[in-house]
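Okay, here's what each chain looks like letter by letter:
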Amino acid sequence: MDPVVILTLVAALVVVFLVASTVRIVPQARRYNIERFGRYRRTLQPGLNLVLPVADRINTKLDVREQVYSSDPRPVITEDNLVVNIDTVLYYQITDPRAAAYEVADYLQAIDQLTVTTLRNVIGSMDLEETLTSREEINSRLRAVLDDATGKWGIRVNRVEIKAIDPPHTIKEAMEKQMRAERDKRAAILHAEGERQAKILTAEGTKQKDILEAQGTQQAMILRADGEAKAVELVFQAVHRNNADPKVLAYKYLETLPHLASSDNNTFWVIPGELTEAVRTVTRAFGDQPTAGPPTVQPEEAATADADDTSDENRMPQLGAGSTVSLDAAAAADEAEKQAAAAVSDAKAEAEAAKSSQVPRHEPGR
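If you're wondering where the values come from, they're calculated on a predicted model, not measured in any experiment.

## Here's the deal with the overall build of the protein chain
Then, in step 1: Each helix and strand counted, the protein chain has 10 helices and 9 strands in total.
Then, in step 2: Residue burial in the protein chain is summarised as follows: out of 366 residues, 25% are buried.
Then, in step 3: The long-range share in the protein chain, meaning contacts at least 24 apart out of those at least 6 apart in sequence, stands at 64%.
Then, in step 4: Entry remark: accessible area of the protein chain is about 25300 Å², with carbon and sulfur atoms responsible for 56%.

## Topic: the pattern of salt bridges
Then, in step 1: Counting across every chain of the model gives 9 salt bridges.
Then, in step 2: Of the charged contacts, one joins Arg 36 and Asp 56 as a salt bridge, the two residues approaching to 2.5 Å between their closest N and O atoms. Pair noted here: Arg 36 is in strand E2 (residues 30-36) and Asp 56 is in strand E5 (residues 56-63), with a separation of 20 residues, a long-range link.
Then, in step 3: Overall, Arg 36 belongs to the partly exposed group, its relative accessible area being 25%.
Then, in step 4: For Lys 163, the salt bridge identified is with Asp 87, shortest N-O distance 3.8 Å. Here the residue Lys 163 occupies a position in strand E9 (residues 155-166), and Asp 87 occupies one in strand E8 (residues 83-94), the gap between them amounting to 76 residues.
Then, in step 5: One network of salt bridges, in which partners are shared, links Arg 30, Asp 63 and Arg 65.

## Structural notes on the nonpolar core
Then, in step 1: Judged by nonpolar contacts, the single largest core of 28 residues is most densely connected at Ile 86, Leu 90, Leu 119, Ile 138 and Ile 155.
Then, in step 2: Listed by contribution, the elements that provide at least two residues to this core are E8, helix H3 (107-123), helix H5 (135-150) and E9.
Then, in step 3: With 7 residues, H3 is the largest single contributor of residues to this core.
Then, in step 4: Setting aside its immediate chain neighbours within four residues, Ile 138 contacts Leu 119, Val 122, Ile 123, Met 126, Thr 131 and Ile 162.

Calculation criteria
- Residue positions are given per chain, counted from 1 along the sequence in the order it is written.
- Side-chain atom pairs in this predicted model are given and counted only at pLDDT of 80 or more, local residue features only at pLDDT of at least 70, and totals for whole chains, interfaces and linings cover all residues.
- To obtain the side-chain values, all non-hydrogen atoms of the structure were used and water was disregarded.
- Here a helix means four or more residues in a row that DSSP labels H or I, a strand means two or more in a row labelled E, and each is numbered from the N terminus.
- Think of it in three bands: with a 1.4 Å probe and only protein chains considered, a residue is buried below 20% of the maximum accessible area for its type, exposed above 50%, and partly exposed in between.
- Note on contacts: a residue pair is in contact if any heavy atoms of the two residues lie within 4.5 Å.
- The Shrake-Rupley method, run with a 1.4 Å probe sphere, supplies the accessible areas, and residue values consider only the shown protein chains as cover.
- Any Lys or Arg side-chain nitrogen found within 4 Å of a carboxyl oxygen on Asp or Glu counts as a salt bridge.
- The set of buried Ala, Val, Leu, Ile, Met, Phe, Trp, Tyr and Cys residues whose side-chain atoms join them within 4.5 Å is what this entry labels a nonpolar core.

Structure (structure tokens):
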């Protein structure tokens, strides 16, 4: 082969190599740090970039998008000397590629260690219960410390989250028992409150029922009393309007006597003192009017009446032989007296029957 051709091929290869070494294409959201003869020169931005071949070289390629870093669970001691395992999630972003490449050797390891030490300082000032209930406070304090420390490394910590807090197994069992007791307590309180409300509602219903029943009874008694008052008023008006004669009144009076002892609860029966007057009224009603003077009474009968003062009220006065009352009037009076005596006898018999059904009373000797 001709030496000229060989030299031409070699020169062409050198030119291609130099052109390839001069052109650098950087993807979006990437940053390349360029060193010239071992010294930082500049940072290539996304797009087409030209560098000096052989003299310039790419030292680090960095991703400036927001990154997520999850650390392994680390043991942390609380203020009440309990060991808990806490793992965190870190969201960060590279803001200065030069500082991230030259200010710290391994920024991920540095961030992880700084997170652990800061977390131990924060948790060490809290007890277990406060640690479990103060995640927002822990996150904000971690973010403040990490953002301040990583600023000189060209890294911005956007967010720090605690992913899990694992207390010891014995503490978990105690917490579960406490939670179960709290739930049982709330259930008992709710059950008692429900029973209380039910009893209150039942009492209110019973109260309303009693009130309504009392009001109904009151209205019924008022209406019944009004009806009886109106009935008595109508009877009274009818009697006075029709001008009832003594015959009707006397008959109704005698008709009422047998009903005085009709009740089963009566233990004694009282004969009204107006019985003699009622019989006398019947005598006048059914007989003729006397022609002259009042009826005379036999002396024997007067003496008998004076001797038996206690029985005069239940007896009819006897008419004397010299009375001026007609025979029809005397017969009517005798008939009325017989009816009254029969009514009194029936009432006494019923009263005696009622007494015999009860416990007999001791009567003093005669």
